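Given next are the chains, with one letter for each unit.
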Amino acid sequence: MGSVGAKEVPVLLSPEGVRTDGRRVDELRPIRIEAGALKHADGSAYVEWGANKVMAAVYGPREVHPRHLQQNTKAVIQCKYNMAAFSVDERKRPGLDRRSQEISKVIAEALESVVFVEEFPRTSIDVYIEVLQANAGTRCAGLTAASVALADAGIPMVDLLPAVAVGKAGGALVLDLNKAEDNFGEADLPMAIVPQSGRLVLLQMEGHVTQEELARALEMGVQGTRQVYDKMRQALRDRYASAPSAEAAQ
Ligand code: UDP
């Protein structure tokens, strides 16, 4: 541990290239995805990603509320990202804040670029993301969950949309920032990439990286999202494999 003023700053990367949680720079945290976790939503998915726990529920296409948001040529995607009061160690004040509004907006825009919204004019596709436990990377876990939930709802999409954050911590680029790296690292770049086409549909950046580092970070993002994509597809395969018995049990 080094120290800056009163704050203890952990050593984010050992000389051997090992991170605070034992991972290598290009390793993801463990990810578990369950498609169709909720009974009453049209589509749903539950994601555990490291210590993050996120539930996504999808409704629609259905009537637009409020009415004035209706669009004649396409569906609107309305997304509500929410962090539960108990999701973080210092109780989060419940309700809408600027951060959750921003995250809701960027997730809705990213999803709009993969959903065939033109097929459902004058409707709304409502996406709810509830963060039950947060530990850095909740927007990526939330977007990943939302995308699986949309597929579970049978909403036509170009492709699933996996997301991951790449960052800079301890002077190196690292895949999938943990909480210490998010707090004390040099940069955080959450991104979402359409797997088949490689199209980047969400990129945010906090902190600083050089142009070369940005190019390398995007490459790491492509590799990382491919791994997340495999988990998403497996979750949907498991869902369909178990669907008949699950229905029977209800
Ligand atoms: N966080 C928190 N309280 C808040 C907002 C965030 O404790 O009100 C924590 C939480 O663990 C979150 C992390 O800070 O995952 C990083 O937040 P950021 O805004 O970078 O979004 P995220 O990485 O979750 O997408």
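Residues numbered from 1 in each chain as written. Predicted model: local features only at pLDDT ≥ 70, side-chain atom pairs only at ≥ 80, totals over all residues. Heavy atoms only, no water.

A. Fine view of unusual backbone geometry. Here Gly 60 and Pro 61 are connected by a cis peptide whose omega angle stands at 0°. Within the fold, Pro 61 resides in strand β5 (residues 52-62). Here the bond from His 65 into Pro 66 is cis, since omega is -5°, no more than 30 degrees from zero. In the Ramachandran plot, Ala 136 falls in the positive-phi region, its phi being about 80° despite a non-glycine side chain. Tracing the backbone through its elements, the reader meets Ala 136 in the loop between β7 (124-133) and α2 (138-152). Its identity as a non-glycine residue notwithstanding, Asp 176 has a phi of 60°, on the positive side. (Helix = DSSP H or I, 4+ residues; strand = E, 2+ residues; numbered from the N terminus.)

B. Just the site of the ligand, in detail. Around the ligand lies a shell of 13 residues, among which Arg 99, Ala 136, Gly 137, Thr 138 and Arg 139 are the nearest. Taking Arg 99, its side chain carries an N or O atom lying 2.7 Å from an oxygen atom of the ligand. Look at the ligand: alone it shows 510 Å² of surface, and the protein chains cover 78% of it. Tallied by class, the residues present in the shell around the ligand amount to four nonpolar, three polar and six charged. (Near = heavy atom within 4 Å. Polar contact = N/O pair within 3.5 Å; in protein donor to acceptor, adjacent residues only side chain to side chain. Areas by Shrake-Rupley, 256 points an atom, 1.4 Å probe, with all protein chains shown as cover. Nonpolar A, V, L, I, M, F, W, Y, C, P; charged D, E, K, R; others polar.)

C. Looking closely at the pattern of salt bridges. Taken as a whole and judged by the stated rule, the model has 14 salt bridges. Salt-bridge contacts for Glu 48 lead to Arg 32; the nearest nitrogen and oxygen are separated by 3.5 Å. Remark: Arg 32 occurs in strand β3 (residues 31-35) and Glu 48 occurs in strand β4 (residues 43-49); sequence separation between them is 16 residues. Residue classification places Glu 48 among the partly exposed residues on the basis of a relative accessible area of 23%. Three or more residues joined by partner-sharing salt bridges are found here, namely Asp 21, Arg 23, Arg 29 and Asp 176. (Salt bridge = Lys/Arg side-chain N within 4 Å of Asp/Glu carboxyl O. Buried < 20%, exposed > 50% of the residue type's maximum accessible area, 1.4 Å probe, protein only.)

D. Helix α1 (residues 98-112), seen in detail. Taking 1.5 Å per residue, 15 residues should reach 21 Å; α1 reaches 21 Å between its end C-alpha atoms and fits that length. When we look at burial in α1, the residues that qualify are Ser 100, Ile 103, Ser 104, Val 106, Ile 107, Ala 108, Ala 110 and Leu 111. (Expected span 1.5 Å × (residues − 1).)

E. A look at the packing of α1 against α2. Close contact between α1 and α2 brings their axes to 11 Å; oriented N to C, the two are set at 40°. Put simply, α1 runs oblique to α2. Crossing geometry of α1 relative to α2 is assigned as right-handed. On α2, the residues that touch Arg 99, Glu 102, Ile 103, Ile 107, Ala 110 and Leu 111 of α1 are Thr 138, Arg 139, Leu 143, Ala 146, Ser 147 and Leu 150. Among the residues forming the contact of α1 with α2, the class breakdown is seven nonpolar, two polar and three charged. (Axes fitted to C-alpha atoms, helices over the stretch in contact; angles between N-to-C directions. Parallel < 35°, antiparallel > 145°, perpendicular 65-115°, else oblique. Left-handed = near helix turned anticlockwise from the far one by under 90°. Contact = heavy atoms within 4.5 Å.)

F. The pairing of strand β10 (residues 187-193), seen in detail. Counted residue by residue, β10 has seven buried out of seven residues, so it is predominantly covered. What you see with β10 is no split at all: Ala 187, Leu 189, Met 191 and Ile 193 on one side and Asp 188, Pro 190 and Ala 192 on the other are buried throughout. Bridge analysis of strand β8 (residues 163-169) against β10 gives six bridges, and the strand direction is antiparallel. From the neighbouring strand, Val 166 faces β10, where its bridge partner is Leu 189. As defined by bridge partners, β10 adjoins strand β12 (residues 206-207) across two bridges and the pair is classed as antiparallel. When the sheet's bridge partners are listed, Asp 188 is paired in β12 with Glu 206. Where β10 lies against strand β11 (residues 200-203), three bridges are found, and the strand directions are antiparallel. Bridge assignment links Met 191 to a residue of β11, and that residue is Leu 203. A loop of six residues connects β10 with β11, the two strands running antiparallel in sequence, and Gly 198 in this loop sits at a positive phi of about 80°. (Pairing = 2+ DSSP bridges.)

As far as function goes, none of this settles anything; it's purely spatial.
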